[in-house]
There are 2 protein chains.
Amino acid sequence: MKLTSKTLDIANRGVLLNRADARNTGVVDGDRLRVMNHANGRAVSAHVDLTDVIIEPGTIGLYAPIHCSLEVKDGDEVEIWEAPKPASLELIKKKMNKRKLSRDEVRTIVNDIVADNLSLPELSAYVTANYINGMDMDEVEHLTVAMVETGSKITFSTRPIVDKHSIGGVPGNKISLLIVPIIAASGLKIPKTSSRAITGAAGTADLMEVLAPVEFPAEEVQTMTEKVGGVIVWGGSTNIAPADDQIIVVEYPFKIDARGQMLASVMAKKFAVGANLVVIDIPVGRTTKIHDVAEGRKLAREFIELGERLKMRVECAITFGDAPVGHTIGPALEVKEALAVLEGSTEPQSLIQKSLSLAGIAFEMAGKAQQGQGYALAEEILTSGKALAKFKQIIEVQGGDPSVTAATIPLGAHTHVVNAPQSGYVVELNNPSLVSLARLAGAPQDHGAGLELHAKPGERVGKGQPIFTIYADRAWRLKLAIEEGRRLMPVVVEGMLLDRVPSEHYLG
Amino acid sequence: MKLTSKTLDIANRGVLLNRADARNTGVVDGDRLRVMNHANGRAVSAHVDLTDVIIEPGTIGLYAPIHCSLEVKDGDEVEIWEAPKPASLELIKKKMNKRKLSRDEVRTIVNDIVADNLSLPELSAYVTANYINGMDMDEVEHLTVAMVETGSKITFSTRPIVDKHSIGGVPGNKISLLIVPIIAASGLKIPKTSSRAITGAAGTADLMEVLAPVEFPAEEVQTMTEKVGGVIVWGGSTNIAPADDQIIVVEYPFKIDARGQMLASVMAKKFAVGANLVVIDIPVGRTTKIHDVAEGRKLAREFIELGERLKMRVECAITFGDAPVGHTIGPALEVKEALAVLEGSTEPQSLIQKSLSLAGIAFEMAGKAQQGQGYALAEEILTSGKALAKFKQIIEVQGGDPSVTAATIPLGAHTHVVNAPQSGYVVELNNPSLVSLARLAGAPQDHGAGLELHAKPGERVGKGQPIFTIYADRAWRLKLAIEEGRRLMPVVVEGMLLDRVPSEHYLG
């Protein structure tokens, strides 16, 4: 059926059809159609909403994303037909039926994901089936390669290319702001793509955005890296492994963290930027993705095996994940803390040591330092001021202001200090509660929002002594965070003797 | 956040928000919000689309279904907040992790489905997890009961209440049009709710709609049944087991037919109408849901066990499913064939025998006939004209014209006869191809569209002899069906000797 197009400014991959036209073509509510622009042959799949009023018969309302994909002008003719059943549906059902998928089958599914041929419920079934039935390493490799092939890629003319990834779950993990300039300052290349926070208080991309733009296509990531040795950009705008971005959307409500999916997701992004030396940070803790060291080692071996299949060298660091890294959580607060370290601050040690350790591993892998000497090299680059100088080049090449200093970073104007309700020891920093509180205060959208911690686990605080400060850009956000903060108990202060166990228990 | 409402005639459970308001409240694309009408306290969940243009800051666009649910007037104030994470998500994840759900947990999920607190991808994950990990009979019972409790119910003051269900997969299965009036004519009550075709050419509700309205709330189903003994209505408008309707939507793309889900779906609908004697038709064939008799018997035992748990008596009939029932496929054609039988036609035997057998089982269960005598009683009611008289009462009580006769049913005006390409035997009627062809011709939306078969499997036809006729309400639909019909080969004519097997094979 041919229809006249009309753009509707609605951000949704859909089209709006008059009910009479729908009836004539047998389209029902919620169906998916193929829509083609006859002028240029571009075609996309879109879900259908129906109306009696907004769009008249003979016309089709194209929501903004569909309008953009088709490159259509208002009044142009488009053609619609029933979206063919994507080939992936049979393959997803095969996976539901606990059967292994071949390289070609995985590629078919990933192609359909990227071409938006699968609806969200269909994609959800695929992700759920992978989660329940698992993927073996062949399937993980196929998925990784397919995700790389369906997106943009970077090819550098020189090697090595270094990359680094933290699998997440620790608040305040601003280490990339130190690691990337340290590595680039050594002469190695590190084109770091990173994510925005989905459930967290600040992803690395959210942090860097405080200092400079972070949205660049893959070609510019390459040019900038060639120029200054490193960048810190948002992966979502590079079109690198775009299938992964769509998969994450359906994983999100369940916090599904299917092992194979995670391996493929991380490694596809590293592979696509041309990295051949990769350091993976695996934080282990009660509230991180990995709960004990044995589990962390197992994951590390899987990363290394997948790396070998892709001809990449991978090393993993099992790190402490039971407390935030450094003292700050939230975009501007974290950037301020990291910048201060680059400027010479010798605190906080948790941040400095973790960053230098991971940079040191990369130096040893790249042959920049002898085994066991990487940490020292990283420390030298940091304390000499070379890392700061490099970071300013990175900020500048991305379009930010290189004259920025830790002192000039604006924090949220509305603050509230939370004091210890009693004297005692800080026995717990609850990561999920800290993140919730920072988010209530406005992080990551409000750059100035977040938390600064004044006391660390094991430290003794007196009654009324400050234990943390909440920052917010907006007054009502601060109010919200204060109210909820009482319930969340992100910092627990108790007597050191937590629970008295009667001796009878031991006597039995 | 409080906003002024504005209705938008778009059929979709969503709202449209200005991008500025979204940014202020931290809402991102694709989020789900709770929306409340302050005037009456009604609140619903809705997904969010964003716009810069169509809705201005301070206003919210309510798509038609949300507008209806809230009973809001244009310009009324509504309040929005982030939809709380439904409790079901953790429970669905538990099911993904292969753990069994309790009665309360299943109820929580079904409540969230009915309250529309789950997005379609979330619901898809639930259905996929149930499919892969299966449900034991406890879970099936819990699901059945929860689906009943979250919908409308009918309670009759007298017993028994009879019901009947075909698990589907056989085209032309118009038997309910005979069984319901035969049973009602005996004095028993049979409040039959039925479905519309989703992938088929005509559901029982599509058939009945040729003769009378089929959309009634549960109370009217009860009143009408009390009055004339039986009805044939569309289940979708009764609000009986509404969770099931939503589950079917996400099962559809994969043709998932999770055993436990199917048991719960069927039995919830029977339980909710108050049925205590239920006959289940299990067609067995290469292209039906059940492929051999052993599998059919296993399913039958499961239906019977679930019935016992719900205090319902269930009997199952394993029936022949390799060819259509009768000679017609498509709404008007099937109704005409069934009406002709009620009017005294002694053909087609496949339709008459199947209908009388199933009605006979119900008579024996209800004690209306001795064991082995049910078929004869059903036959007597049919041939005496009592069933026809009862069917006219049913048509009338539902608001149709009781003076209808088989001869007056209008069929599609555009027809095309397909003749045998060669002399030979009809060796196959391909059910899926027959259904596809009827749908291409316009069934079930176009009531006059469908197929009439002139030759049955095993019958010899001469070259050029008619083998089937395609009917369509619209000329272009007929053209489409004729073109595709060549490819689909729904009726295969061959020499009786299909393949000559060399004797060596036997000699080995």
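Residues numbered from 1 in each chain as written. Chains lettered and ligands numbered in written order. Predicted model: local features only at pLDDT ≥ 70, side-chain atom pairs only at ≥ 80, totals over all residues. Heavy atoms only, no water.

### Comments concerning the overall build of chain A
Each helix and strand counted, chain A has 19 helices and 18 strands in total. Along the three orthogonal principal directions, the C-alpha set of chain A runs to about 75 × 60 × 55 Å. Across chain A, contacts joining residues at least 24 apart in sequence account for 78% of those joining residues at least 6 apart. Accessible surface, chain A: about 20500 Å² in total, of which carbon and sulfur atoms supply 51%. The centroid of the 54 positive side-chain charges in chain A is displaced by 3 Å from the centroid of its 62 negative side-chain charges. (Helix = DSSP H or I, 4+ residues; strand = E, 2+ residues; numbered from the N terminus. Contact = heavy atoms within 4.5 Å. Areas by Shrake-Rupley, 256 points an atom, 1.4 Å probe, with all protein chains shown as cover. Lys, Arg positive; Asp, Glu negative; His and termini not counted. Charge placed at Lys NZ, Arg CZ, Asp CG, Glu CD.)

### So, the side chain of A:N276
All names here are of chain A. Within the fold, N276 resides in the loop between helix 11 (259-272) and strand 10 (277-284). Using a relative accessible area of 15% as the deciding quantity, one classes N276 as buried. Engagement of the side chain of N276 in a polar contact is seen with the backbone nitrogen of I161, the distance being 2.8 Å. Here N276 is in contact with R159, P160, I161, M312 and R313, once residues within four sequence places are set aside. (Buried < 20%, exposed > 50% of the residue type's maximum accessible area, 1.4 Å probe, protein only. Polar contact = N/O pair within 3.5 Å; in protein donor to acceptor, adjacent residues only side chain to side chain.)

### Section: the interface of chain A and chain B
Between chain A and chain B, the residue contacts involve 45 residues of the former and 47 residues of the latter. Overall, the association of chain A and chain B removes approximately 3600 Å² of surface from exposure, summing both partners, and the carbon and sulfur fraction of that is 55%. Broken down residue by residue, the surface that chain A buries against chain B is led by A:D9, A:I132 and A:F254, which jointly contribute 19%. Counting across the interface, chain A meets chain B through 0 salt bridges. Taken together, the links from chain A to chain B amount to 18 residue pairs in polar contact (both at pLDDT 80 or more). Only helix 1 (19-25), strand 4 (43-51), helix 3 (88-96), helix 5 (120-133) and helix 18 (475-488) of chain A provide two or more residues apiece to the side of chain A that touches chain B. No other element matches helix 5 of chain A, which puts 10 residues into the side of chain A that touches chain B. In terms of residue class, the side of chain A that touches chain B is built from 23 nonpolar, 10 polar and 12 charged. (Buried area = accessible area lost by both parts, 1.4 Å probe. Salt bridge = Lys/Arg side-chain N within 4 Å of Asp/Glu carboxyl O. Nonpolar A, V, L, I, M, F, W, Y, C, P; charged D, E, K, R; others polar.)

### Considering the relation of the copies chain A and chain B
With an RMSD of 0.1 Å, chain A superimposes on chain B once it is rotated by 179° and translated 0.0 Å along the axis. On this basis, the relationship between the two copies can be described by a two-fold rotation axis. Residue A:P121, judged by its C-alpha, is the member of chain A lying nearest the rotation axis, at 2.0 Å. Here 100% of the contact residues of chain A are again contact residues in chain B; the copies associate through an equivalent surface. (Least-squares fit on C-alpha atoms with pLDDT ≥ 70 in both.)

### Here's the deal with the pairing of strand 5 (residues 59-63) of chain B
Residues and elements named next belong to chain B. Most of strand 5 is tucked away, with 5 of its 5 residues classed as buried. Of the two faces of strand 5, the one carrying T59, G61 and Y63 and the one carrying I60 and L62 are both buried. Here 5 bridges tie strand 1 (residues 2-8) to strand 5, and the two strands are oriented parallel to one another. Bridge pairing in strand 5 places K6 opposite G61. Bridge count between strand 2 (residues 14-18) and strand 5: 3 bridges; the pairing is antiparallel. Directly across from L17, in strand 5, lies its bridge partner I60. (Pairing = 2+ DSSP bridges.)

### A look at the pattern of salt bridges
Residues and elements named next belong to chain A. In the structure shown here, the tally under the stated rule is 58 salt bridges over all chains. Close ionic contact of R19 with D52 constitutes a salt bridge, the shortest N to O distance being 3.5 Å. With R19 in helix 1 and D52 in the loop between strand 4 and strand 5 (59-63), the pair connects residues that are 33 residues apart, well separated along the chain. Overall, R19 belongs to the partly exposed group, its relative accessible area being 29%.

### Let's talk about the confidence of the model for chain A
Residues and elements named next belong to chain A. Averaged over every residue, the pLDDT of chain A is 91; the share at 70 or more is 97%. Predicted confidence is poor over residues 496-508, with pLDDT under 50, and the contacts of this stretch with residues over four places away or in other chains come to 3 contacts. With a pTM of 0.87, the predicted complex shows an ipTM of 0.85. (pLDDT = per-residue confidence, 0-100.)

### As for the sheet that holds strand 10 of chain A
All names here are of chain A. One open sheet holds the 3 strands; their spatial order is 7-10-11, and the pairing between them is parallel. Edge strands, defined here as strands with exactly one partner in the open sheet, are strand 7 (162-166) and strand 11 (313-320). Geometrically, the sheet is characterised by an average inter-axis angle of 20° between neighbouring strands, direction not taken into account. Across 5 bridges, strand 7 lies against strand 10 in parallel orientation. The residue of strand 10 that forms the bridge with H165 is I280. With respect to the sheet, helix 11 is in contact with strand 7, strand 10 and strand 11, its orientation differing from that of strand 7 by roughly 160°. (Axes fitted to C-alpha atoms, helices over the stretch in contact; angles between N-to-C directions.)

### A word on helix 7 (residues 176-185) of chain A
Residue and element names in this part refer to chain A. Here helix 7 lies mainly inside the structure; 9 of its 10 residues are buried. Of the positions making up helix 7, those classed as buried are S176, L177, L178, I179, V180, P181, I182, I183 and A184. G187 lies just past helix 7 and shows a positive phi near 100°.

### A word on helix 18 of chain A
Between its first and last C-alpha, helix 18 of chain A extends 20 Å over 14 residues, near the 20 Å set by a 1.5 Å rise per residue. Three or more residues of helix 18 of chain A are buried, namely A:R477, A:L478, A:A481, A:I482, A:G485 and A:L488. Buried residues of helix 18 of chain A, viewed axially, fall in a sector of 140°; they line one side. In helix 18 of chain A, the exposed residues that point more than 90 degrees away from the buried face are A:K479, A:R486 and A:R487. The inward-facing, buried residues of helix 18 of chain A abut strand 13 (414-419), helix 17 (431-440) and strand 17 (466-472) of chain A together with helix 1 (19-25) of chain B. Following helix 18 of chain A by one or two positions, A:M489 adopts a phi angle in the positive range, close to 50°. (Expected span 1.5 Å × (residues − 1). Arc of directions from axis to C-beta.)

### Things to note about the sheet that holds strand 18 (residues 491-494) of chain B
Taken together, the 3 strands give an open sheet; going across it, the order is 16-14-18 (chain B), and neighbouring strands pair in antiparallel fashion. Lying at the two open borders of the sheet, with one neighbouring strand each, are strand 16 (460-461) and strand 18 of chain B.

### Side note on the packing of aromatic side chains
Inspection of the entire model under this criterion finds 0 aromatic pairs over all chains. Above the ring of A:Y425, the side-chain terminus of A:R460 is found at 5.4 Å from the ring centroid. The side chain of B:R196 reaches across the aromatic face of B:W234, ending 4.5 Å from its centre. (Phe/Tyr/Trp six-rings, centres within 6.5 Å; stacked < 30°, edge-to-face > 60°. Lys NZ or Arg CZ within 6 Å of the ring centre and 35° of its normal.)

### Observations regarding the pairing of strand 8 (residues 190-194) of chain A
Residue and element names in this part refer to chain A. Burial within strand 8 is extensive, with 5 of its 5 residues counted as buried. Bridging between strand 8 and strand 9 (residues 230-234) involves 5 bridges; their strand directions are parallel. Considered in strand 9, the bridge of S194 is made with W234.

### Regarding the packing of helix 11 of chain A against helix 12 (residues 293-309) of chain A
Residues and elements named next belong to chain A. As a packed pair, helix 11 and helix 12 sit with axes 11 Å apart at the nearest point and diverge in direction by 50°. As summarised for this structure, helix 11 and helix 12 are arranged oblique, according to the angle between their axes. Crossing angle aside, the handedness with which helix 11 passes helix 12 is right-handed. Between helix 11 and helix 12, the residues in contact are R259, M262, L263, A264, V266 and M267 and E295, L299, E302, F303, L306 and G307, respectively. Residue composition of the contact of helix 11 with helix 12, grouped by class: 8 nonpolar, 1 polar and 3 charged. (Parallel < 35°, antiparallel > 145°, perpendicular 65-115°, else oblique. Left-handed = near helix turned anticlockwise from the far one by under 90°.)

### Focus on unusual backbone geometry
Note the cis peptide between A:E347 and A:P348, where omega equals -5°. Positive phi is not limited to glycine here, since B:A241 has a value of about 45°. Among the structural elements, B:A241 can be located in the loop between strand 9 (230-234) and helix 10 (242-251).

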